[in-house]
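What follows is each chain in one-letter form.
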Amino acid sequence: MKFSSIETPGYVGFANLPNQVHRKSVKKGFEFTLMVVGESGLGKSTLVNSLFLTDLYPERIIPDAIEKQKQTVKLEASTVEIEERGVKLRLTVVDTPGFGDAIDNSDSFSAILEYIDEQYERFLRDESGLNRRNIVDNRIHCCFYFISPFGHGLKPLDVEFMKKLHSKVNIVPVIAKADCLTKKEILRLKCRIMQEIEDHGIKIYPLPDCDSDEDEDYKEQVKQLKAAVPFAVCGANTLLEVKGKKVRGRLYPWGVVEVENPEHCDFIKLRTMLITHMQDLQEVTQEVHYENYRSDRLAKGIKNKENGIIKPERDSVVPTQIVLNEKDRILQEKEAELRRMQEMLAQMQAKMQAQQ
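Residues numbered from 1 in each chain as written. Predicted model: local features only at pLDDT ≥ 70, side-chain atom pairs only at ≥ 80, totals over all residues. Heavy atoms only, no water.

The chain has the name Septin-type G domain-containing protein in an unreviewed UniProt entry, where Stomoxys calcitrans is given as its organism. Entered under Sequence similarities (unreviewed entry) in the UniProt record, the comment concerning the chain runs "Belongs to the TRAFAC class TrmE-Era-EngA-EngB-Septin-like GTPase superfamily. Septin GTPase family." (UniProt positions renumbered as here; feature names shortened; annotations may be inferred.)

(A) A look at the overall build of the chain. Scanning the chain for helices and strands turns up eleven helices and nine strands. Buried positions account for 37% of the 356 residues belonging to the chain. Here the contacts in the chain between residues at least 6 apart in sequence split such that 68% fall between residues at least 24 apart. Total accessible area on the chain stands at roughly 22,800 Å², and carbon and sulfur atoms take up 52% of it. (Helix = DSSP H or I, 4+ residues; strand = E, 2+ residues; numbered from the N terminus. Buried < 20%, exposed > 50% of the residue type's maximum accessible area, 1.4 Å probe, protein only. Contact = heavy atoms within 4.5 Å. Areas by Shrake-Rupley, 256 points an atom, 1.4 Å probe, with all protein chains shown as cover.)

(B) Representation of the nonpolar core. Judged by nonpolar contacts, the single largest core of 73 residues is most densely connected at Phe144 and Met273. At seven residues, the largest contribution of residues to this core is made by helix H5 (residues 110-127). Sequence-distant contacts of Met273, defined by excluding residues within four places in its chain, comprise Phe144, Val172, Tyr205, Leu207, Leu225 and Phe231. (Core = buried A, V, L, I, M, F, W, Y, C linked by side-chain atoms within 4.5 Å.)

(C) How the structure looks around the packing of aromatic side chains. If you walk through the whole model with that rule in mind, you get four aromatic pairs. Ring geometry for Tyr120 against Tyr290: centres 6.0 Å apart, planes inclined by 40 degrees, an arrangement best described as tilted. Of this pair, Tyr120 sits in helix H5 while Tyr290 sits in helix H10 (residues 278-306); the two residues are 170 residues apart in sequence, bridging distant segments of the chain. Taken together, Tyr120, Phe123, Tyr290 and Tyr293 form an aromatic cluster joined through their ring pairs. Of note, Arg139 hangs over the ring of Tyr290, and the distance from its end group to the ring centre comes to 4.9 Å. (Phe/Tyr/Trp six-rings, centres within 6.5 Å; stacked < 30°, edge-to-face > 60°. Lys NZ or Arg CZ within 6 Å of the ring centre and 35° of its normal.)

(D) Spotlight on the pairing of strand E4 (residues 142-147). The buried count for E4 comes to six of six residues, which makes it a mostly enclosed element. Because side chains alternate across E4, one face comprises the buried residues Cys142, Phe144 and Phe146, and the other comprises Cys143, Tyr145 and Ile147, equally buried. With four bridges joining them, strand E1 (residues 30-37) and E4 adopt parallel strand pairing. Considered in E4, the bridge of Leu34 is made with Cys142. Two strands pair when backbone bridges link them, and E4 and strand E5 (residues 171-175) are joined in this way by five bridges, in the parallel orientation. When the sheet's bridge partners are listed, Ile147 is paired in E5 with Ile175. In terms of handedness, the path from E4 via helix H6 (residues 156-165) over to E5 forms a crossover that is right-handed. (Pairing = 2+ DSSP bridges. Right-handed = clockwise from strand over helix to strand, strands pointing away.)

(E) Representation of the environment of Val284. Relative to the elements of secondary structure, Val284 occurs in helix H10. Spatially, the C-alpha atom of Val284 lies 9.2 Å from that of Tyr205, the residues being 79 residues apart in sequence. For Val284, the contacting residues outside a window of four places in its chain are Asn170, Tyr205 and His289.

(F) View of the pairing of E1. E1 sits mainly inside the fold: six of its eight residues count as buried. Sheet topology note: the E1/strand E3 (residues 87-95) ladder contains seven bridges and is parallel. Paired with Phe32 across the two strands is Leu91, which belongs to E3.

(G) A look at the side chain of Gln282. Inspection of the secondary structure assignment puts Gln282 in helix H10. In this structure, Gln282 is in contact with Glu31, Phe32 and His141, ignoring residues within four places of it in sequence.

(H) Broad picture of the pattern of salt bridges. Within the structure shown, the criterion is met by eleven salt bridges. Two residues, Glu121 and Arg297, come together in a salt bridge whose shortest N-O distance is 2.7 Å. Highlighted residues: Glu121 in helix H5 and Arg297 in helix H10, separated in sequence by 176 residues. (Salt bridge = Lys/Arg side-chain N within 4 Å of Asp/Glu carboxyl O.)

(I) Examining empty space enclosed by the protein more closely. Counted according to the given criterion, the structure contains one cavity of 30 Å³ or more. Size it by volume and the largest cavity reaches roughly 40 Å³. Taken together, Ile171, Val172, Pro173, Tyr205, Leu207, Val229, Phe231 and Met273 make up the lining of the largest cavity. At three residues, the largest contribution of residues to the lining of the largest cavity is made by E5. Split by residue class, the lining of the largest cavity holds eight nonpolar, no polar and no charged. (1 Å grid on protein atoms, 1.4 Å probe; cavity = no way out; pocket = protein on both sides within 12 Å on 5 of 7 lines; lining within 4 Å. Points joined across faces, edges and corners; volume = space filled by probe spheres on them. Nonpolar A, V, L, I, M, F, W, Y, C, P; charged D, E, K, R; others polar.)

Printed below as a string of structure tokens:
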């Protein structure tokens, strides 16, 4: 058997490492959590179903007007396994029905902020636990914030919510139902929204800059994506026939709005941004937002320890402050695991002796 390193002088073989990473990643599969936030009736569910060509809400019951008056903000997480060309994606979409529907929305985002912190807290506990190999990552990697096309920019609720959220999650602003506006109106609204985002110091997800050695087509793609923010989109799950071709779109008396036509809306650009930068969204969540949360939690734990507080409060549980009962529990779990391993070893030895 001949090896490439013998055939090619000076070739070690580590150039094959990306292929190894690719094979391992494909075998393991990918997981991604997307949050969609916005008022009712902006087409959030339709857009998500259009993006991933699936039905995430098969059993959803739409509340009537009377129920909406009593409805508070609640969070619904829907998970679906998607497979495409052998690559598996575990997609979780967290919807926020009831957001912005009340007369007084001053407290409508507290449940969302609490949910995001809960996912960070769960990940922090799992990281400091015994079984670290099988941690399920339910942290929010990206948040699509839907902006109404019927206003003249951002509402006070939009500004307040994004300012509360931008240090915890990657925000991608989306103008909903873009087929209600003309191209000039969309361009004017985009400029207005971006100006207000800058004026209020809101930090939205920044698309990463391209390296100098990147492909020219990729550089042009990133340039177009950056120019398209906020993405003006419309979703549709209905197949229509236009000029002999089946397209997903919306039928109006004056014509058909094609969802996947770049001339009609930014749907393709939004999907391209999400898919091509999915890894970067996860890395920013891990290296920036989660690390900030983790640092704050550890700092709170150290401060409580210095003040003589032995048992931490509910919102300040950190690995450095595990109480004695918790230590006992961990020791018992380790002893039980050792016993199981010894039993398995004894069974294997008995089988080998029986075969001999």
